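Next come the chains, spelled out residue by residue.
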Amino acid sequence: MRRGSNLPAVGTYNQTLVLDLIRRAPEGASRSELAALTGLSAQTLSNVARRLVDEGWVVEGTPVAAGPGKPRTPLRLDPTARCAIGIHLDPAVDTLVVVDLTGAVVAHSQRTPRQTDDTSELVADLAHAVEELLRDAGVARDRVLGVGVAAPGPLDADRGDLFEPPLLLPAWHHAPLAGLLREATGLAVTVEKDVIAAMVGELWTDTAGALDDAIFVYYGAGVGAGLAVDGSPLRGRTGNAGDIAHLVVEPDGPECGCGQRGCLGVAIAPERLLVDAGVLPPKSVVTAPEIRARLAEFAARSDAGDRRVQATVTKAAGSLARGIVQMNNLLDADVVVVGGPLWASLRGAGAAVARAVSESSETATVRGIRLLESRLGTDVAAVGAACLVLDSALTARPTDLLIASR
Ligand SMILES: [Zn+2]
C-alpha cells in the first residue's frame with residue numbers, strides 16, 4: 001500500500017508477513033495453515049509465531065479438534081497489543097484519534113485550532129493534545145507505533161513538509177510538519193494529504209475488497225478525491241493526487257480564482273451553499289470555524305423541512321454528480337464513497353447524488369456507479385492517517401527484503 005516509510009516495521013519480513021495473514025483471518029490461523037500459506041518451514045514458522053506471542057502481538061486461541069491428529073490452535077491478533085495515533089488538520093477543527101490494530105477508534109478528541117501566527121505554538125498545542133489523548137485513553141507510550149497526520153495539500157508527503165495549503169492557517173505554511181511533530185512528541189510521524197488518508201482509512205476497514213477500485217469524494221472546507229486502484233491508494237509522484245476542485249461542472253456557475261466559471265470547488269463550496277440557502281447574506285466573509293457552525297444551522301433547517309435548503313443540497317448534488325461521472329469515466333471504478341468532515345451537513349445529498357449519477361447522460365460505465373456513504377464519518381481522515389501507521393508497520397512488502405538498512 002505504501003512506498004518507503006520512516007515508520008518502524010514490526011520486525012523481519014517473515015514476522016510481518018505472518019502477522020499480516022493472522023490479522024486478515026478473523027477466526028485466527030493455525031501454525032500449519034500459516035506454514036502452507038507462506039511456504040515457510042514448520043520450524044521457521046514456529047519460531048516466528050513464538051516471537052509474535054512473546055512480543056504480545058498475537059494470542060493463542062483454544063485448540064479446536066479437526067479430524068484425526070493434533071488439534072488446531074488458532075493464533076489471533078491481539079488488537080490492543082499496539083495502537084496508532086491519527087491527526088486530521090482541518091481549517092475548522094483538529095481531530096485526533098487513537099486506533100487499535102484493527103483500525104477501530106479507541107479514543108477521540110476534537111479541538112478548534114488556536115488562531116495564532118506562531119508555528120511553534122501550533123506544534124506545541126498539537127503535541128499537548130496527543131499527550132492528553134493518550135492519558136485519557138490510558139494508553140502507554142511504548143504501545144504507540146507512531147503518528148499519522150492528514151493535512152490539506154499541496155504537501156511534500158515524502159518529507160512530511162507542508163507547502164501553502166490555502167485552507168490552513170498561514171502559520172502552517174512551509175512548515176516541516178513531520179519533523180516538528182516528531183521532535184515535540186518523540187514519536188515517529190508520517191504526513192499524508194487528507195483525501196488520500198481518507199481513502200486509506202476506507203481501504204483498511206474493507207476486508208471484502210469491495211473498494212479495490214474506488215473513488216472517495218471528500219467534502220470539507222475544500223472538495224477532493226481519494227482514489228484506489230488495485231487495492232492501493234493512488235498517491236501520484238508527489239503525494240498530491242486527487243485535486244478535482246477545477247473540474248468544470250456548471251459552465252455558467254460562479255467565477256473561480258483560476259479564471260474559469262463553475263469549477264466544482266466553488267460550485268459546491270460551503271460558503272456558496274450557505275448563501276444560496278439564505279443562511280448567510282451574499283458576500284459574507286466568515287472564518288472556517290464559523291462556517292462549521294453555520295452548516296449545523298443549515299442542516300437543522302433542512303431537517304425542519306426548509307425547502308430552500310433542500311433545493312440547495314439537490315443542486316449541489318447534481319454538480320457533484322457531474323464531477324463523479326467524469327472521474328469514473330476516467331478510472332472505471334464504479335464504486336464511489338462519499339464522506340469528509342462536512343458531508344453530514346448536506347442532508348439527503350447521498351441519495352440525490354446517486355439519483356443524478358444514475359440519470360447522467362455522460363456516464364460511460366457499463367455497470368452503473370455504486371454510491372456508498374463513508375463508514376468512518378467525520379473522523380475518516382484522522383482514522384485514515386492512523387491506518388497509514390498501521391499499514392506501514394503491519395503490511396509485508398517484498399521491497400522490505402531489498403532494503404538492508406533503514
Ligand atoms: Zn477553478
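As the structure is a prediction and not an experimental result, all values here were calculated from the model.

## Thoughts on the domain arrangement of the protein
Here the protein is partitioned into domain 1 (13-77), domain 2 (83-199 + 382-392) and domain 3 (208-377). The C-alpha-based centres of domain 2 and domain 3 are spaced at 24 Å. At the junction of the two partners, domain 2 supplies 22 residues and domain 3 supplies 26 residues. Summed over both partners, the interface of domain 2 with domain 3 comes to about 1,700 Å²; 65% of that surface belongs to carbon and sulfur atoms. For the domain 2 face of the interface with domain 3, the top three residues by lost area are V195, I196 and M199, together amounting to 35%. If you look at where domain 2 meets domain 3, you find one salt bridge. For R235, the salt bridge is made with E192, and the minimal N-O distance between the two is 2.8 Å. Counting across the domain 2 and domain 3 interface gives five residue pairs in polar contact (both at pLDDT 80 or more). The set of elements that each furnish at least two residues to the side of domain 2 that touches domain 3 consists of β9 (189-193), α6 (194-205) and α12 (380-394).

## Concerning the sheet that holds strand β11 (residues 223-229)
With mixed pairing, five strands are arranged side by side in an open sheet as β12-β11-β10-β13-β14. The open sheet has two free edges, formed respectively by β12 (232-233) and β14 (370-373), since each of these has just one partner strand. The pairing of strand β10 (residues 214-219) with β11 spans six bridges and is classified as antiparallel. Residue A214 lies in a different strand from β11, and its bridge partner there is A228. Against the sheet, α6 contacts β10, β11, β12 and β13 (335-339), and its axis sits at roughly 125° relative to β10.

The rules behind the values
Residues numbered from 1 in each chain as written. Predicted model: local features only at pLDDT ≥ 70, side-chain atom pairs only at ≥ 80, totals over all residues. Heavy atoms only, no water. Domains from an automatic or database assignment. Contact = heavy atoms within 4.5 Å. Buried area = accessible area lost by both parts, 1.4 Å probe. Salt bridge = Lys/Arg side-chain N within 4 Å of Asp/Glu carboxyl O. Polar contact = N/O pair within 3.5 Å; in protein donor to acceptor, adjacent residues only side chain to side chain. Helix = DSSP H or I, 4+ residues; strand = E, 2+ residues; numbered from the N terminus. Pairing = 2+ DSSP bridges. Axes fitted to C-alpha atoms, helices over the stretch in contact; angles between N-to-C directions.

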